[in-house]
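Here's the letter readout for the chains.
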Amino acid sequence: MATAYASAQFPAAGGSFIGRAAERARLTGLLTEAAGSAAATVFVGGEAGVGKSRLLEEFAAEARSAGRTVLRGACINLGTGAVPYAPLIDALRRIVRALGEQRVRELGGPSYAELSRLVSDFTGVAPLGESTAQLRVFGAVLRMLDHFGAHAPTVLIFEDLHWADPSTLDLVSYLARAQTDERILLVHSYRSNDLDRRHPLRTLLAEPDFIRRIHRLELARFTRAELERFLTASTGDPVDRSLLDRYYELSDGNAFFAEELVVSGVLTDPASTRLPNSLSEIMLSRVELLDDAAADVLRVAAVAGRRVSHRLLAAVCDLPDQQLIKALRQCVAQHVLTIDAADDTYVFRHALLREAVYQELLPGERVGLHRALATALTADPGFSLAEDLTAAAELAHHWYEARALPEALTAAVHAGEMAVRVHAFREAEQQYQRVLSLWSRVDDPQRRTGQPRWRVLAAAADTARWGGRVEQALELIRAAIAEVDRAAARDAGELLERLGNYLWEAGEYGESQQTYRAAARALAEQPPSAVSARVLAAVAMAEVREGRYAEGAREGAHAVELARAVPARAEEGRALNTLGMALTMLDQPSDGMAKVREALRIAEEVDHLEDLFRAYGNLAVALEHVGRLTDSVQVALDGLKVARARGLEQARGAGVLANNAAATLVLLGRWDEAAAVLDDVLRARPLRGTLYPRLTLAEIRLAQGSFDTAADLLAGVQLVDRPTTDPRFVGPLYACLAELALWRGDLTGAAEAVRAGLAVLEGQANLLELTRMYAVGLRAAADECELLRTQPERDPVRLSAVVAYAERLAGQAAVPVDSLDLPQADQAGVSQVRVWRDLCLAELARARGTADPDAWAVVARGWSMLGRSYPAGYAYWREAETALAAGDLTRAGSAARSAWQSTEPLPAGPLRTEIEAMARRARVTLDPELPEPAADTAGPAARPFGLTARELEVLCLLCLGRTNREIATELFITERTAGVHVSNLLKKMAANNRSAAASMAHRLRLCSDRESG
């Protein structure tokens, strides 16, 4: 009897359809061919719950929306009492319900009348009698489908053919062979795992003449990535990686099984260890068909694991060889075990089946089988199928479940060490947690393990850290520090250095720096060692992160000398990494990057993971700092590949590399790529540990015009108490806040953000971020000056004050980069600073009212040479605006087109809106191949934001400072109507208030003619 699986209406979740893109496209393509009179038959196979029904539901909906006719019916599982032509009856009844009988008679033609007796419940006609010849039915169905196809391409879907009655299978065979030029697509689904060798559908699908007439699609289970998307859509929240592993392990990627696990909540409830009844009953229904011997063998296999060798079963099962083989043959025949020909092992068809059998064991039965397996594996490790790593974990598991605690403790320590050796950190963490749980339950655990408890705690902390669980790592390392002998200063210093690393990875930057210095104090009286060299390098990096590059370079050089004197190769690489980064930020990139590259080589040589990721990350930062953006992205992505290859994509180091790559992709204008990288980084990670990627994503959303999303991201970053003083974080944060305020027309907010940023940055050595902040401040000042000059009641005192402020900023930004004593090869290191300085001068001239198109052209060329298309577009736009104001229409048009072309690959909504508005005022086309626009610009195209003509009039009066009452009087409307117009235009312009709307209108010169009048 077929297993009664519930119908799986997946893999959709939350309205989205996960996966199956290729299969869906194949069905759509065949339907397109059928529309051209190329009839076809498709069989869609797959195990229960894999998503066949959902695929066909989506395909049917798509076909209907395209004007196709769809008939869809399903077979019924009634055992021996099958209903003849059940899916045909179901399909006809459904379409009668949907379209009405009269319409179906019109579409189906005369043959429908012959078949209508099959749907007697709806027609009132007596049911089809036994005397009706089968071929008459077949012919009528084919003619009816042909008639349907004459009106529109038609799809006939029969689902669950594994339950089909013989008449239905004969009909399916006839239709597949008889089709010629009908506009029909036949689609049939079946459970491939429910077809034994004697099933009639399997026989039909094996006929050579039938096979060549059909197309077959076999639906695979979800990949891990697809299952993650499915679970995220089902629950509405990102799924923790360790929980995702458990879902994937148990469901095997089957959508129905995964959904049942989600609904039951058994995996998220620590107190629950049993599968939901719905799944247990499904799985055990097959086991009930086994005899006693086969069931006993299956129980041993379930305790052994998902996969088991014949030798191990023979060693543990109390059966003669022939009886064991007979029992195993029965398990295979009933589809509970399969044979893996690659290594001649027995494998449970589903992980959930193994889990269900295991949970049915009695407690004493379970303990006894675990002990028998542990004893057998200890006597002959060759019984295990696994490599040393998994074999050690397997043995530790069996001893633990057998309640043999001393043996379990020893085996768990060995398994943890083996896992660390091959960088299987999640598995190692599980083993060390088991060791800690057993520590107080075993006599003299330190003698048995050969190490004190604090070392186990430290090892557990490091495995948690590399598994992406930094908070757990912090808890464990602090527990280790509390237990270490304070007299052992070297051990204390080593643990404090680790604590500093974990704190930094958790986003506790200030506490991290303090902890590094505490580690240095703990080692102050100790002789030179590898630990002291590593701590000194950590202190040096703390200085670099706080923007004190000279101090970092000095301490880094000392750390290099100490590491070489010890000698300590890995620590030498760490120190070179820090020194190289400090020198690069001091604008000595040739020497600096050479040292970082050497550090990378050393990290690869000694296979030190932490130093490897640091070197990749710092080299990417150094390359970005000197303007080698493409190289920077490639280095960061190379580091990410290493992380993924080692299964460490959740580690903090991988997150840093991802953010470095994304930040540089933003500079290159490859925003979509950057956002895709960041979305993966941010998934299921805490706020404090993702400040940098959140800030980078905020910059992207800001430039795209998603102001609310950018504001939410920035607000989240600002909620974190004492995040960091790193200028590479502080500078972009306050620049982003200021630019957001500028685009929203909030000049006061922009000025406040600039002042706050400068208060943090001034006095630091990062010229790049400092000069960028000056440029943003000057842009805000210039915008305010232009606004003040256009107001009807000018405020000369305020205007003079803002100009003076702009001049002070420009003076501070005048960094004498040309006089820096650098090798020629290092001149690229200050190229970005030069362009930012040129931008400051151009903004200063705008603030003074003496804007110069030549100055903006210099800035635009500078950014273009650096591959920075977005800021180049901004500079070209300003050049065009300035040329237009000077009456140079030719230059304005040329610069506008350059601005448009520079930003064309980017979804830079706000900037491109500004460029379009300027082009309309200049009456130039942005596409050089199109004719210039007509002089009339009064139509809707001249009104951005979708403003109506009346809303534009209201906006212009609002720019003149009119109240709602004054606007109403001037336009002869009611005050209430004026208020409605103001609310509507604020919403369309995404402006927070009237001042913001007026500022935007001024920038776009929407009301320039009216203002001058």
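Bear in mind that the values here come from a model prediction, so they are computed numbers and not experimental data.

A. Highlighting the overall build of the chain. Across its full length, the chain holds 51 helices and ten strands. Here the chain holds 1013 residues, and 57% of them are scored as buried. Sequence-distant contacts, at least 24 apart, represent 67% of the contacts inside the chain between residues at least 6 apart. Counting every atom, the chain has about 42,600 Å² of accessible surface; 51% of that belongs to carbon and sulfur.

B. Region of the structure containing the state of the cysteines. Counted under the stated rule, the structure contains zero disulfides. Counting only cysteine sulfurs, Cys331 is the nearest neighbor of Cys317, a cysteine outside any disulfide, at a range of 9.6 Å.

C. How the structure looks around the sheet that holds strand β6 (residues 184-191). The five strands are arranged β4-β5-β6-β3-β7 in an open sheet whose pairing can be described as parallel. In the strand order of this sheet, the two ends are held by β4 (69-74) and β7 (215-218), each with one partner. The average undirected angle you get between the axes of adjacent strands in this sheet is 15 degrees. As judged from the five bridges shared by strand β5 (residues 154-159) and β6, these two strands associate in the parallel manner. Bridge pairing in β6 links Thr154 to Ile184. Against the sheet, helix α3 (residues 86-99) makes contact with β4 and β5, and its axis sits at roughly 135 degrees relative to β4, the strand it touches most.

D. Layout of helix α25 (residues 470-483). Over its 14 residues, α25 runs 20 Å from end to end, which matches the ideal 20 Å to within 8%, given 1.5 Å per residue. Of all the positions in α25, only Val470, Ala473, Leu474, Leu476, Ile477, Ala480 and Ile481 are classed as buried.

E. Inspection of the sheet that holds strand β10 (residues 345-348) at higher detail. Pairing is antiparallel across the open sheet formed by three strands, whose spatial order is β8-β10-β9. Looking at strand neighbours, the two that pair on one side only are β8 (307-309) and β9 (337-340), the edges of this open sheet. Across the sheet, the mean angle from the axis of one strand to that of its neighbour is 30 degrees, orientation sign disregarded. Pairing geometry for β8 and β10, over three bridges, is antiparallel. Each bridged residue has a counterpart across the sheet, and for Val308 the counterpart in β10 is Tyr346.

F. Structural detail: the pairing of strand β3 (residues 40-46). With seven of its seven residues buried, β3 lies for the most part within the structure. What you see with β3 is no split at all: Ala40, Val42, Val44 and Gly46 on one side and Thr41, Phe43 and Gly45 on the other are buried throughout. With four bridges connecting them, β3 and β7 associate as parallel partners. In the strand pairing of β7, Phe43 is matched with Arg216.

G. Region of the structure containing unusual backbone geometry. In this chain, Val566 is followed by Pro567 through a cis amide linkage whose omega measures -10 degrees. When you line up the elements, Pro567 lands in the loop between α29 (549-565) and α30 (569-585). Even without a glycine there, the phi angle at His335 is positive, about 65 degrees. Even without being a glycine, Asp444 presents a positive backbone phi close to 50 degrees. Secondary-structure assignment places Asp444 in the loop between α22 (425-438) and α23 (445-449). Overall, Asp444 belongs to the partly exposed group, its relative accessible area being 43%.

H. A look at the packing of aromatic side chains. Going through the model one piece at a time under the given rule, you end up with eleven aromatic pairs. Look at Trp671 and Tyr870: their rings are 5.4 Å apart centre to centre, the planes differ by 65 degrees, and that puts the pair in the edge-to-face class. With Trp671 in helix α35 (residues 671-682) and Tyr870 in helix α44 (residues 869-885), the pair connects residues that are 199 residues apart, well separated along the chain. Given a relative accessible area of 2%, Trp671 falls into the buried group. What makes Tyr870 buried here is its relative accessible area of 18%. Connected via pairs of aromatic rings, a cluster forms that spans Phe43, Tyr190 and Phe210. Here the basic side chain of Arg779 rests over the ring of Trp743, its NZ or CZ set 5.1 Å away from the ring centre.

I. Structural detail: the side chain of Ser53. Here Ser53 is to be found in helix α2 (residues 52-65). Within the local environment of Ser53, its side chain forms a polar contact with the side chain of Glu159, the two groups lying 3.1 Å apart.

J. Highlighting the pattern of salt bridges. As enumerated under the stated definition, the model contains 54 salt bridges in all. In this structure, Glu610 and Arg614 form a salt bridge, with 3.1 Å as the shortest nitrogen-oxygen distance. Taken together, the positions of Glu610 and Arg614, both in helix α32 (residues 609-625) and four residues apart, correspond to about one turn of that helix. Look at Glu610 and you get buried, because its relative accessible area is 9%. The network of salt bridges with shared partners includes Asp462, Arg465, Glu497, Glu505, Arg534, Glu571, Arg574, Glu610, Asp611 and Arg614.

K. Structural view of the side chain of Thr154. Positionally, Thr154 belongs in strand β5. At 3.0 Å, the side chain of Thr154 and the backbone oxygen of Ala152 are in polar contact. Excluding anything up to four places from it in sequence, Thr154 contacts Thr69, Leu71, Phe148, Gly149, Arg183, Ile184 and Leu185.

L. Structural context of the pairing of β6. Of all eight residues in β6, eight are buried; the element is thus mostly enclosed. Sheet analysis places β3 next to β6, joined by seven bridges and oriented parallel. Following the sheet pairing, Gly46 is matched in β6 by Arg191. The β-α-β motif built from β5, the intervening helix α8 (residues 166-178) and the parallel element β6 has right-handed crossover chirality.

M. Just the nonpolar core, in detail. With 126 residues, the main nonpolar core has Trp671, Ile700, Leu714, Leu733 and Tyr870 as its most contacted residues. No other element matches the eleven residues that helix α40 (residues 767-790) contributes to this core. Apart from residues no more than four positions distant in its own chain, Ile700 is found in contact with Val666, Trp671, Ala674, Ala675 and Leu678. In terms of nonpolar packing, the next biggest core, distinct from the first, is built from 53 residues, Tyr247, Val287, Leu298 and Leu312 among them.

N. Examining the confidence of the model for the chain more closely. The share of residues in the chain with pLDDT of 70 or more is 87%, and the mean pLDDT across the chain is 83. Here residues 1-15 scores under 50 on pLDDT; set against residues more than four positions off or in separate chains, the count is 47 contacts. Counting interchain partners and residues more than four positions distant, the pLDDT-below-50 stretch residues 934-941 has seven contacts.

O. Examining the environment of Ala813 more closely. Of note, Ala813 is situated in helix α41 (residues 796-813). The exposure class of Ala813 is buried, given its relative accessible area of 1%. The spacing of Ala813 and Thr771 is 42 residues in sequence and 5.6 Å in space, taken between C-alpha atoms. Those residues in contact with Ala813, other than ones at most four positions away along the chain, are Thr771, Tyr774, Arg837 and Cys840.

Scoring rules and cut-offs
Residues numbered from 1 in each chain as written. Predicted model: local features only at pLDDT ≥ 70, side-chain atom pairs only at ≥ 80, totals over all residues. Heavy atoms only, no water. Helix = DSSP H or I, 4+ residues; strand = E, 2+ residues; numbered from the N terminus. Buried < 20%, exposed > 50% of the residue type's maximum accessible area, 1.4 Å probe, protein only. Contact = heavy atoms within 4.5 Å. Areas by Shrake-Rupley, 256 points an atom, 1.4 Å probe, with all protein chains shown as cover. Disulfide = S-S within 2.5 Å. Pairing = 2+ DSSP bridges. Axes fitted to C-alpha atoms, helices over the stretch in contact; angles between N-to-C directions. Expected span 1.5 Å × (residues − 1). Phe/Tyr/Trp six-rings, centres within 6.5 Å; stacked < 30°, edge-to-face > 60°. Lys NZ or Arg CZ within 6 Å of the ring centre and 35° of its normal. Polar contact = N/O pair within 3.5 Å; in protein donor to acceptor, adjacent residues only side chain to side chain. Salt bridge = Lys/Arg side-chain N within 4 Å of Asp/Glu carboxyl O. Right-handed = clockwise from strand over helix to strand, strands pointing away. Core = buried A, V, L, I, M, F, W, Y, C linked by side-chain atoms within 4.5 Å. pLDDT = per-residue confidence, 0-100.

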